[in-house]
Amino acid sequence: MSDDSRISPLDQARILSEALPHMQRYDEETIVIKYGGHAMGSENVARQFASDIVLLEQTAINPVVVHGGGPQIAAMLQRLGIKSEFAAGLRITDAATIEIVEMVLAGSINKQLVGYINEAGGKAVGLCGKDGNMVTAAKATRMLADPDSNIEKVVDLGFVGEPEKVDLTLLNQLIGHELIPVLAPLATSKGGQTFNVNADIFAGAVAGALKAKRLLLLTDVPGVLDKSKQLIPELSISDARKLIADGTISGGMIPKVETCIYALEQGVGGVVIIDGKTPHAVLLELFTNQGTGTLIHK
Ligand SMILES: Nc1ncnc2c1ncn2[C@@H]1O[C@H](COP(=O)(O)OP(=O)(O)O)[C@@H](O)[C@H]1O
Ligand SMILES: CC(=O)N[C@@H](CCC(=O)OP(=O)(O)O)C(=O)O
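Along each chain, the written sequence defines residue order, and numbers are assigned to residues from 1. Chain letters start at A and ligand numbers start at 1, both assigned in the order the entries are written. Totals for whole chains, interfaces and linings use all residues, but because this is a predicted model, local features are given only for residues with pLDDT of at least 70 and pairs of side-chain atoms are given and counted only at 80 or more. The side-chain values count all of the structure's non-hydrogen atoms but skip hydrogen atoms and water molecules.

The name given to the chain in an unreviewed UniProt entry is Acetylglutamate kinase, with Nitrobacter winogradskyi as the source organism. UniProt positions are given in the numbering used here, feature names are shortened, and annotations may be inferred rather than shown by experiment. Turning to the chain, the UniProt record has this under Subcellular location (unreviewed entry): "Cytoplasm". Listed under Catalytic activity (unreviewed entry) in UniProt, the entry text for the chain is "N-acetyl-L-glutamate + ATP = N-acetyl-L-glutamyl 5-phosphate + ADP".

Bringing the site of ligand 2 into the picture now. Around ligand 2, the surrounding shell holds 15 residues, and the nearest of these are Lys 34, Gly 37, Arg 91, Asn 196 and Ala 199. The separation between an oxygen atom of ligand 2 and a polar side-chain atom of Lys 34 is 2.5 Å. Each polar contact in these results corresponds to two N or O atoms within 3.5 Å; when the atoms are within protein, one needs to be able to donate a hydrogen and the other to accept it, and residues that are neighboring in sequence are counted only if both atoms are side-chain atoms. Take Gly 70: an N or O atom from its main chain is 3.0 Å from an oxygen atom of ligand 2. The Shrake-Rupley method, run with a 1.4 Å probe, gives the accessible areas here. Residue values count only the displayed protein chains as cover. Notes on ligand 2: free accessible area 430 Å², of which the protein chains cover 92%. Only DSSP runs of H or I covering at least 4 residues are called helices, and only runs of E covering at least 2 are called strands; the numbering of each starts at the N terminus. The set of elements that each furnish at least two residues to the shell around ligand 2 consists of helix H3 (70–79) and strand E4 (90–91). Per-element accounting of the shell around ligand 2 gives the leading share, three residues, to H3. Under the grouping applied here, Gly and all other residues not named as nonpolar or charged are polar, the nonpolar ones being Ala, Val, Leu, Ile, Met, Phe, Trp, Tyr, Cys and Pro and the charged ones Asp, Glu, Lys and Arg. When grouped by side-chain class, the residues that make up the shell around ligand 2 number six nonpolar, seven polar and two charged. Near, as used in this document, describes a residue that has one of its heavy atoms within 4 Å of the molecule or strand being considered.

Topologically, Arg 142 is positioned in strand E6 (residues 135–145). Once residues within four sequence positions are removed from consideration, Arg 142 is found in contact with Ala 88, Leu 90, Lys 153, Val 154, Val 155, Leu 157, Glu 162 and Ile 201. We call two residues contacting when some pair of their heavy atoms lies within 4.5 Å.

The next thing to look at is the pairing of strand E2 (residues 62–67). Within a regular beta strand, the side chains point alternately toward one face of the sheet and then the other, so they alternate between its two faces. Partly exposed residues are those whose accessible area sits between 20% and 50% of the maximum for their type, while under 20% is buried and over 50% is exposed, using a 1.4 Å probe and protein chains only. Burial runs high along E2: six of the six residues are buried. Along E2, one buried face is formed by Asn 62, Val 64 and Val 66 and the opposite face, lined by Pro 63, Val 65 and His 67, is buried too. Two elements, strand E1 (residues 30–35) and E2, share six bridges in a ladder whose sense is parallel. Directly across from Thr 30, in E2, lies its bridge partner Asn 62. At least two DSSP bridges between two strands are needed for those strands to be called paired. Two elements, E2 and strand E8 (residues 180–184), share two bridges in a ladder whose sense is parallel. When the sheet's bridge partners are listed, Val 65 is paired in E8 with Val 182.

All right, on to the site of ligand 1 then. Of all residues adjacent to ligand 1, which total 18 residues, the nearest are Thr 219, Asp 220, Leu 225, Thr 248 and Lys 256. Here an oxygen atom of ligand 1 sits 3.0 Å away from a polar atom, N or O, in the side chain of Lys 34. Separating a nitrogen atom of ligand 1 from a backbone N or O atom of Thr 248 is a distance of 2.8 Å. For ligand 1, the protein covers 78% of the area, taking 570 Å² as the surface of the free molecule.

Let's shift gears to helix H7 (residues 237–245). Those residues of H7 that fall on the buried side of the exposure criterion are Ile 237, Ala 240, Leu 243 and Ile 244. The arc enclosing the buried residues of H7, seen along the axis, measures out at 120 degrees, which places them on a common side. The outward face of H7, more than 90 degrees from its buried face, is lined by the exposed residues Lys 242 and Ala 245. Turning to H7, the residues buried within the fold contact strand E12 (234–236), helix H8 (253–265) and strand E14 (294–297). Immediately downstream of H7, the backbone of Gly 247 shows phi near 85 degrees, a positive value. Arc definition: it is the arc formed by the directions from the helix axis to the C-beta atoms.

This next bit is on unusual backbone geometry. A positive phi angle, near 65 degrees, is found at Asn 150, a position not held by glycine. With respect to the helices, strands and loops of the structure, Asn 150 is situated in the loop between E6 and strand E7 (152–166). With relative accessibility at 60%, the residue Asn 150 sits in the exposed group. Residue Glu 178 is not a glycine yet carries a positive backbone phi of 65 degrees. Along the polypeptide, Glu 178 turns up in the loop between helix H5 (169–174) and E8.

To continue, consider the UniProt feature "domain: Aspartate/glutamate/uridylate kinase" (unreviewed entry) in the chain. Under the feature "domain: Aspartate/glutamate/uridylate kinase" (unreviewed entry), the UniProt entry names residues 30–275. From the first C-alpha to the last, residues 30–275 spans 21 Å; its make-up is 37% helix and 30% strand.

Further remarks concern the environment of Ser 84. Counting through the fold element by element, Ser 84 comes out in the loop between H3 and strand E3 (86–87). Within the structure, Ser 84 has its side chain in polar contact with the side chain of Arg 91 (distance 2.9 Å).

Okay, structure coming up:
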């Protein structure tokens, strides 16, 4: 039984009609949607997400999907007996790990999502940042306090990249032509080395370069939570920085919030962190007045 069978035809018509001003606001606009590895846990949710993306395309919005895959990479590394550690929310990536990261992200996850979107009636094109030299990255480093001495030290993250340049030539061939780009967060260095890029950071770089109207980050929590685990519906850039500094925002939420700040500074119209496990999270966010997650603003 579909969800719609429980509402009357008149209510269905009313719901569609109420979505009209939202559809008009986003007409011909580019919206970047980052779909996190945790959010894509169940096949049902992933298929519903895919069908929502096709609906966006049908309403003359230009969706660009960036996917993650952290938990799926972790599962494969564990099967192969390769240990993995994180620093500041980023996976320390050695030579053996980058091979697995590329296989999981650009191979299985990317093609699965492309398949779901195409089965829902879309025309998805699966790529990664290496295709068409789309995303060039430099080696990423982070300063972290040594737990014993509390002195900040540079952590070598291995083959982890920080996007430096986004070349839009390839994306511009797809956007506005009924094709839906689905991007895996891998990049190349100037010297041709493959880099693992955190998917939030990758999505922010792409959204910034495209001057997207909106950036939606779909994760597995309702949004940014405060110290008592309550949702923070709105957060200014300066308050967000304070929450990172005092440890309220930690782990994988750090690159997410930093990405929101970066995207706003690059001119992206609006950025939000929402729960990707909520049914139709994308449609709720874009086509209703009911914002569900954390909106980050200037
Ligand atoms: N203040 C916070 N609010 C919400 N989540 C937080 C916060 N601090 C840390 N987190 C963690 O960040 C996680 C989301 O990041 P991540 O695991 O990388 O998700 P994704 O796979 O969607 O990118 C949450 O599941 C939560 O464990
Ligand atoms: C450098 C780095 O941390 N890269 C990430 C890329 C995948 C990702 O970001 O996936 P989620 O969005 O599901 O977390 C990783 O290796 O897990």
